[in-house]
Amino acid sequence: MATDYDAPRKNDEDVEQDSIQELQARRSDKTSGVVDEDETEAAEGFELPGADLSGEELAVRVLPRQADEFTCTSCFLVHHRSQLAYERNGQMVCSECAA
């Protein structure tokens, strides 16, 4: 917290004059500075740079698993055969999951 060294300092008599109610009011003023912001409203006003892509459709061609690939039984990702760590009872596990 910043300190204003030019401000006059309080002496002991001034500190004793502060009432409990004033101190409690100061404490509640500090917590009133917290702002409740609705995340939905904030997200609606936020726009990404570039063109509006809301009407665009993506066309992705999905290929079936190839002969030199396998599906890991731990992470369910398709990997190349070179990433096979071990195979036990027909269960193939990739090197990332085996680590």
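Only a predicted model underlies this, so the values are computations on that prediction, with no experimental measurement involved. (Residues numbered from 1 in each chain as written. Predicted model: local features only at pLDDT ≥ 70, side-chain atom pairs only at ≥ 80, totals over all residues. Heavy atoms only, no water.)

### Structural notes on the overall build of the chain
Test applied: Strands here mean DSSP runs of E at least two residues long; helices mean DSSP runs of H or I at least four residues long; both are numbered from the N terminus. Should any heavy atoms of two residues lie within 4.5 Å, those residues are counted as being in contact.
Secondary structure assignment for the chain yields 4 helices and 4 strands. The order of α-helices and β-strands along the chain, N terminus first, is α-α-α-β-β-β-β-α. Of all intrachain contacts in the chain linking residues separated by at least 6 positions in sequence, the fraction that spans at least 24 positions is 4%.

### Some words on unusual backbone geometry
Heads up, the rule is: Only protein chains enter the accessibility calculation, which uses a 1.4 Å probe; a residue whose area is less than 20% of its type maximum is buried, one above 50% is exposed, and one in between is partly exposed.
Phi is positive for Phe-76, close to 60 degrees, though the residue is something other than glycine. Within the element layout of this structure, Phe-76 appears in the loop between strand 1 (69–71) and strand 2 (78–80). Note on Phe-76: relative accessible area 63%, which makes it exposed.

### Concerning the nonpolar core
Stated precisely, the cut-off is as follows: Put simply, a nonpolar core is a bunch of buried Ala, Val, Leu, Ile, Met, Phe, Trp, Tyr and Cys residues held in one set by side-chain atoms that sit within 4.5 Å of each other.
Of all hydrophobic cores here, the largest spans 5 residues; its members are Phe-70, Cys-72, Met-92, Val-93 and Cys-94. Among the elements that take part in this core, strand 4 (residues 91–94) stands out by supplying 3 residues, more than any other. Filtering out sequence-adjacent residues up to four positions away, Val-93 remains in contact with Phe-70, Cys-72, Thr-73, Gln-83, Leu-84, Ala-85, Tyr-86 and Ala-98.

### With respect to a nonpolar patch on the surface
How we decide: In this analysis, a patch consists of residues with relative accessible area above 30% that form no salt bridge, clustered at 9 Å for like charges and at 5 Å for the nonpolar side chains Val, Leu, Ile, Met, Phe, Trp and Tyr. For accessible areas, the Shrake-Rupley method is used with a probe of radius 1.4 Å. Any residue's cover is judged against the shown protein chains and nothing else. In what follows, salt bridge is the name for a side-chain nitrogen of Lys or Arg lying within 4 Å of a carboxyl oxygen of Asp or Glu.
On the surface, a cluster of nonpolar side chains totalling about 410 Å² of accessible area is made up of Leu-58, Val-60 and Val-62. Relative to the helices and strands, Val-60 resides in the loop between helix 3 (39–44) and strand 1. Overall, Val-60 belongs to the exposed group, its relative accessible area being 68%.

### Notes on the side chain of His-79
Going by this rule: What qualifies as a polar contact is a pair of N or O atoms within 3.5 Å, subject to a donor-acceptor requirement within protein and to the restriction that residues adjacent in sequence count only when both atoms come from side chains.
Looking at where His-79 falls in the secondary structure, it is placed in strand 2. Overall, the relative accessible area of 8% leaves His-79 in the buried class. Side chain to side chain, His-79 and Gln-83 meet in a polar contact 2.7 Å long. Leave out the neighbours within four places in its chain, and His-79 touches Asp-68, Glu-69, Phe-70, Cys-72, Cys-94 and Glu-96.

Such coordinate-based values are descriptive only and should not be taken to indicate function.
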